[in-house]
Amino acid sequence: MIAWIVDAPGSEAMGPAPEGWAVAPFPDDPASSPDRDRVEFVVPDAQTAPRLEGLPALCVVQLRSAGVDWIIDQVPAGVTLCSARGARDGAMAEWVVWAILADAKAAPRAARQQAAGEWEHLDLRDVAGARVLILGHGAIGAAVEERLVPFRVEIVRVARSRRDGVHAIDELGRLLPHADVVVNLLPATPQTRGVLGAGALAAMPDGALLVNAGRGATVDTGALVAELEAGRLRAVLDVVDPEPLPREHPLWRAPNLILTPHSAGDTPGAERAAWAVAGEQLRRHAAGEPLRNVVRDGY
């Protein structure tokens, strides 16, 4: 049997292929490959995802990302889709902590002043004592919380459904007015699209910070631009809607905003961890063992 994988850094972390298996790079034209009838397992990216149709033996599509919205509609019927949930938790959590600190400690203004050769006092804010609402409190949310504990913040946890210590998402309306920082980690699903719409953003208190490391489509971009331009909210965004952000988009010029290009989870350590997950999944599939991180209902 054969596994096709993308050519990307860190793939050596997959480890040894199972006995009787070969691991090979995706061909340029999978449909004409003489090996296509033996391909059961693939590790694709956005460029190779459209080539999955026409692989008659395909059983498993294993991702290197926790998010699946970019490929879920391209997975052939009957094929199991698995995420790399857990592989990028640390990298994502570090980015969130950086985002909160960069905002509080006026990093953009400091950079502008340095570039201009200006020595002017910076108005900094405290992180200690802030109430941080983590929206989408799963594995990444837990990693964020762990790293924020030393800063002595108050954590408010929100997830799809209520459980001990975690609020349900339908309670969001009454929680937002008391949040100093909202960390959005929601995936993109039909249920989460536009969750942070104009009403939710308006419910956040004056001077609150929105940190989005989830998906851009969960936020009403136009409403957020209006809040930023009014000077009422601040934001640090790794994801936006649309992506890539067009050059003429008003977000580029919005005040009170730090933008990064959907890179929060893309560190060398996270890449190796994602490939290690893929290798473990391949060995599980070859051995007939249950796969982990099987995607159901968009998660």
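None of these values were measured; they are calculated from a predicted model.

Caption draft 1: How the structure looks around the sheet that holds strand β12 (residues 257-259). Taken in spatial order, the 7 strands of this open sheet run β8-β7-β6-β9-β10-β11-β12, and their pairing is parallel. If you trace the sheet from one side to the other, it starts and ends with β8 (167-168) and β12, each paired once. Together, β6 (131-135) and β7 (154-159) form the strand contacts of helix α3 (residues 139-148), whose direction differs from that of β6 by roughly 165 degrees.

Caption draft 2: View of the nonpolar core. The biggest cluster of nonpolar side chains holds 30 residues, and the ones touching the most others in it are V42, V61, I71, L81 and W275. Of all the secondary structure elements, the ones that give two or more residues to this core are β1 (2-5), β3 (39-43), β4 (60-62), β5 (80-82) and α7 (268-287). Ranked by size, the runner-up nonpolar core spans 29 residues in total, among them A179, A208, V240 and L257.

Caption draft 3: Focus on the sheet that holds β1. Taken together, 5 strands build an open sheet; the order of strands is β2-β1-β3-β4-β5 and the sheet is parallel. On the outer flanks of this sheet lie β2 (22-25) and β5, each paired with one strand and no other. Ignoring strand direction, the axes of neighbouring strands in this sheet form an average angle of 20 degrees. One ladder, built from 4 bridges, connects β1 with β3; its direction is parallel. Each residue of the ladder has a partner; that of I2, found in β3, is V39. Packing of α7 onto the sheet brings it into contact with β1, β2, β3, β4 and β5, and relative to β3 it is tilted by some 165 degrees.

Caption draft 4: Main features of the pattern of salt bridges. One pass over the structure, following the stated rule, counts 18 salt bridges. Between R88 and E271 there is a salt bridge, with the nearest N and O atoms lying 3.3 Å from each other. You can see R88 sitting in the loop between β5 and α1 (89-104) and its partner E271 sitting in helix α7, a full 183 residues away along the chain. The same class applies to R88 and to E271, which are both buried. Close ionic contact of R157 with E145 constitutes a salt bridge, the shortest N to O distance being 2.7 Å. Of this pair, R157 sits in strand β7 while E145 sits in helix α3, placing them 12 residues apart in sequence. Overall, R157 belongs to the partly exposed group, its relative accessible area being 25%. Three or more residues joined by partner-sharing salt bridges are found here, namely R64, R88, D266 and E271.

Caption draft 5: Spatial organisation of unusual backbone geometry. Omega for the peptide link from D241 to P242 comes to 10 degrees, which places this bond in the cis form. Within the secondary structure layout, P242 lies in the loop between β11 (234-237) and β12. Backbone torsion omega between E243 and P244 reads -10 degrees, so that peptide bond is classified as cis. Here P244 shows up in the loop between β11 and β12.

Caption draft 6: Spatial organisation of the state of the cysteines. Within this structure, the stated rule accounts for 0 disulfides. Of all cysteine sulfurs in the structure, the one in C82 sits closest to C59, which takes part in no disulfide; the separation is 11 Å. With relative accessibility at 0%, the residue C82 sits in the buried group.

Caption draft 7: Summary view of the packing of aromatic side chains. By the definition in use, this model includes 2 aromatic pairs. Consider the rings of W4 and F26, whose centres lie 5.7 Å apart with planes at 55 degrees: the pair is tilted. You can see W4 sitting in strand β1 and its partner F26 sitting in the loop between β2 and β3, a full 22 residues away along the chain. With respect to class, W4 is no different from F26; both count as buried.

So, how was this worked out
- Every residue gets a number counted from 1 within its own chain, in the order that chain's sequence is written.
- Local features in a predicted model are, by the rule used here, given only for residues with pLDDT of at least 70; side-chain atom pairs are given and counted only at 80 or more, and totals for whole chains, interfaces and linings are based on all residues.
- Remark: hydrogens and water are excluded; side-chain values derive from all non-hydrogen atoms of the structure.
- Pairing between strands is defined by DSSP: at least two bridges between the two strands are required.
- Numbered from the N terminus, helices here are DSSP runs of H or I no shorter than four residues, and strands are runs of E no shorter than two.
- For this analysis, residues touch if any pair of their heavy atoms sits within 4.5 Å.
- Axis angles are defined between N-to-C directions and span 0 to 180 degrees, where every axis is a line fitted to C-alpha atoms and, for a helix, only to the segment in contact.
- The term nonpolar core refers to a set of buried residues drawn from Ala, Val, Leu, Ile, Met, Phe, Trp, Tyr and Cys, joined through side-chain atoms within 4.5 Å.
- For every residue, the accessible area (1.4 Å probe, protein chains only) is compared with the maximum for its type, and the residue is labelled buried under 20%, exposed over 50%, or partly exposed between those bounds.
- Salt bridge, as used here, is a side-chain nitrogen of Lys or Arg placed within 4 Å of a carboxyl oxygen of Asp or Glu.
- In what follows, a disulfide is any cysteine sulfur pair within 2.5 Å.
- The aromatic pairing rule takes the rings of Phe, Tyr and Trp, using the six-membered ring of Trp, and pairs them if the centres are within 6.5 Å, calling planes under 30 degrees apart stacked, those over 60 edge-to-face and the rest tilted.

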